[in-house]
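# Coordinate inspection notes
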Amino acid sequence: MEGMDRRSEYAGSLVDSIKAKLESLPSLSSNCCIYKVPNKLRRLNPDAYSPRVVSIGPFHHGKEELQAMEEHKYRYLQSFLTRASFSLEDLVGVARAWEENARSCYAEDVELNSDEFVKMLVVDGTFLVELMLRSRYPQLIGENDRIYGKPWMEIDVYRDMVLIENQLPFFVVKSLFDLQQGTDSVIQIILHCFSCYLHIEGENFKSEPDHFVDFLRSFYLPEVPMKLEGTTLKAFNVPEATELLNAGVKFKPVETSSCSLDIKFADGVMEIPTIIIEDLTEPLFRNIIVFEQCHCSDKIFLDYIKLLSCIIRSPADADLLIRSGIFSNYLGNADDVSKLFNSICQEVNLGEFHFHSLCDKLHACCNTPWNRWKAVLRRDYFQNPWSVASVLAAVLLLILTFIQAICSILAL
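Everything quoted here is computed from the prediction, not taken from an experiment.

Attention now goes to the overall build of the chain. What the chain contains, in helices and strands, is 18 helices and five strands. Contacts in the chain between residues at least 24 apart in sequence constitute 71% of all its contacts with a sequence separation of at least 6. When the accessible surface of the chain is summed, it comes to about 21,800 Å², and 54% of that surface belongs to carbon and sulfur atoms.

The strand order across the open sheet built from three strands is 1-3-2, with neighbouring strands paired in mixed fashion. Each end of this open sheet is capped by a strand with a single partner; those strands are strand 1 (250-254) and strand 2 (264-266). Strand-to-strand, the axes of this sheet are offset by a mean angle of 25 degrees, without reference to chain direction. Here strand 2 pairs with strand 3 (residues 269-273) via three bridges, running antiparallel. Looking at strand 3, one finds that Phe265 is bridged to Met270. Sheet contacts for helix 16 (residues 356-366): strand 2 and strand 3; angle to strand 2, the most-contacted strand, approximately 40 degrees.

This brings us to the environment of Ile187. Mapping Ile187 onto the fold places it in helix 8 (residues 186-198). Ile187 gets classed as buried once you look at its relative accessible area, which sits at 11%. Considered as a pair, Ile187 and Lys174 are 13 residues apart in the sequence and their alpha carbons are 8.7 Å apart. In this structure, Ile187 is in contact with Phe170, Phe205, Lys206, Ser207 and Phe215, ignoring residues within four places of it in sequence.

Glancing now at helix 3 (residues 70-82). In a regular helix each residue adds 1.5 Å, so 13 residues correspond to 18 Å; helix 3 covers 19 Å between its end C-alpha atoms and thus fits that length. All buried positions along helix 3 are accounted for by Glu70, His72, Lys73, Tyr76, Leu77, Ser79 and Phe80. As for helix 3, its buried residues are in contact with helix 4 (88-103), helix 5 (114-136) and helix 7 (170-180).

Counting across every chain of the model gives 13 aromatic pairs. For the ring pair Tyr220 and Phe285, a centre distance of 6.0 Å and an interplane angle of 85 degrees mean the geometry is edge-to-face. Here the residue Tyr220 occupies a position in the loop between helix 9 (212-217) and helix 10 (233-236), and Phe285 occupies one in helix 12 (residues 281-295), the gap between them amounting to 65 residues. The class of Tyr220 is buried, set by a relative accessible area of 11%.

This part covers the pattern of salt bridges. Throughout the structure, instances matching the rule amount to 22 salt bridges. The partner of Lys252 in a salt bridge is Glu271, and the shortest N-O contact between them spans 3.8 Å. Of this pair, Lys252 sits in strand 1 while Glu271 is found in strand 3, placing the two residues 19 residues apart along the sequence. Relative accessible area serves as the criterion here: at 43%, Lys252 is assigned to the partly exposed category. Taking relative accessible area as the criterion, Glu271 reaches 24% and is therefore assigned partly exposed. One salt bridge connects Asp319 with Arg323, and the closest N-O pair in it is separated by 2.8 Å. You can see Asp319 and its partner Arg323 sitting in helix 14 (residues 315-323), four residues apart, about one turn around the helix.

Moving on, we get to unusual backbone geometry. A positive phi is found at Asp267, a non-glycine position, where the angle reads about 55 degrees. Its place among the elements puts Asp267 in the loop between strand 2 and strand 3. We classify Asp267 as exposed; its relative accessible area is 81%.

To continue, consider a nonpolar patch on the surface. Taken together, Ile399, Leu400, Phe402, Ile403, Ile406, Ile409 and Leu410 make up a surface patch of nonpolar side chains, about 720 Å² in accessible area. Relative to the helices and strands, Ile403 resides in helix 18 (residues 385-411). The partly exposed category is assigned to Ile403, whose relative accessible area is 43%.

Next up on the list: the nonpolar core. Formed by 118 residues in total, the largest nonpolar core has its most connected members in Phe127, Met132, Val157, Phe194, Met270 and Tyr304. At 12 residues, the largest contribution of residues to this core is made by helix 5. Among all residues touching Phe194, those that are not within four sequence positions of it are Tyr158, Met161, Val162, His199, Ile200, Phe212, Phe215 and Leu216.

Once that is clear, we can look at the environment of Val337. Inspection of the secondary structure puts Val337 in helix 15 (residues 334-343). When the C-alpha atoms of Val337 and Ser314 are compared, they prove to be 9.1 Å apart, with 23 residues separating the residues in sequence. If near-sequence neighbours (up to four positions away) are discounted, Val337 is found in contact with Ile277, Ala318, Ile322, Phe327, Asn329 and Leu331.

Taking 1.5 Å per residue as the helical rise, helix 5 with its 23 residues ought to reach 33 Å, and the 33 Å between its terminal C-alpha atoms agrees with that figure. The buried fraction of helix 5 is high, at 18 of 23 residues. Where helix 5 begins, one side-chain oxygen reaches toward the backbone nitrogen of Asp115, 3.2 Å away; that side chain belongs to Asn113.

Conventions and cut-offs
Residues numbered from 1 in each chain as written. Predicted model: local features only at pLDDT ≥ 70, side-chain atom pairs only at ≥ 80, totals over all residues. Heavy atoms only, no water. Helix = DSSP H or I, 4+ residues; strand = E, 2+ residues; numbered from the N terminus. Contact = heavy atoms within 4.5 Å. Areas by Shrake-Rupley, 256 points an atom, 1.4 Å probe, with all protein chains shown as cover. Pairing = 2+ DSSP bridges. Axes fitted to C-alpha atoms, helices over the stretch in contact; angles between N-to-C directions. Buried < 20%, exposed > 50% of the residue type's maximum accessible area, 1.4 Å probe, protein only. Expected span 1.5 Å × (residues − 1). Phe/Tyr/Trp six-rings, centres within 6.5 Å; stacked < 30°, edge-to-face > 60°. Salt bridge = Lys/Arg side-chain N within 4 Å of Asp/Glu carboxyl O. Patch = residues over 30% accessible without salt bridge, like charges linked within 9 Å, V, L, I, M, F, W, Y side chains within 5 Å. Core = buried A, V, L, I, M, F, W, Y, C linked by side-chain atoms within 4.5 Å. Polar contact = N/O pair within 3.5 Å; in protein donor to acceptor, adjacent residues only side chain to side chain.

Below you can see the structure in the form of structure tokens.
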């Protein structure tokens, strides 16, 4: 009897423990938009997801290797306040009102107390605003600025700003911009800054994004949403560029398209908007993909990158797109470009595919023998004027020989 009472007591204690845990669970927020990179993706290229010089937000806050930039953040805060019509006390009070909403934007628990979190919002937020204001208005740059005027530092800072783990909620950045009461809009200033380093163009962007990664992703999206067309199996069977070339396909860059995803195939010509490949391309692409994997129901950017990775399966494929003008390559040689696209879609989860009908057209072209024969004729016999002249001379000689043979027979 005593044993049963003891087991009942233990069971009651266990139930109380589980109840306490259930009651302490935080509610899930619909504002959640900033994520840590899944380990299966991080291990493929840790550097593409980790800040090099500056921490923004709580996930990398306080890391020893990023401390060198902390003093400069405070110098930027100081400059920010000298132009402001409010005090530091006012700014901290405003930031404290943002705390609850800002915390709910992070998918992981933030291990900072209230004061530490508010200080992080103030220091990191004003750093971003001051950084972009100095890019837009160079007269604000002091002669001893530790970022501008040092190209390697500028590039590394803007690289760190496109990492999904290194974000502040956009409403924080926008609110701090609004406190400055400038003439340009927040979006105009941000667009100017990123276009200097990432070569983004166009006007198809979110006016109220979740954060910078969401803002940059929006440049790749079409104005009219693309329809889902089928399964991802088609993506894995897309013919590579050299195979398409052997089937007579010509590659043409589209320089004026309003959307990078505007890839077309008609009359044997594949048109792809020009893509600039540089050092910042891989971290940008990888972090947009992580954002889509963690947050977006429509993974259209991933489909775009998957399509390119299937077309570019070897250095020869990459070289073909470089020579055709579709890739402006500042990364290295064709082998580097090929390695980038061969690795970037590993371990990702693909859904329905947006380029199903395009893949069907490419397959039909490659599976038509006449297209291959025409391509061989063009490549081997009509590649230059001398080849054409030789073929025409051979055909003429054959015709004359045939006529001579006919005349000889008639003369008998």
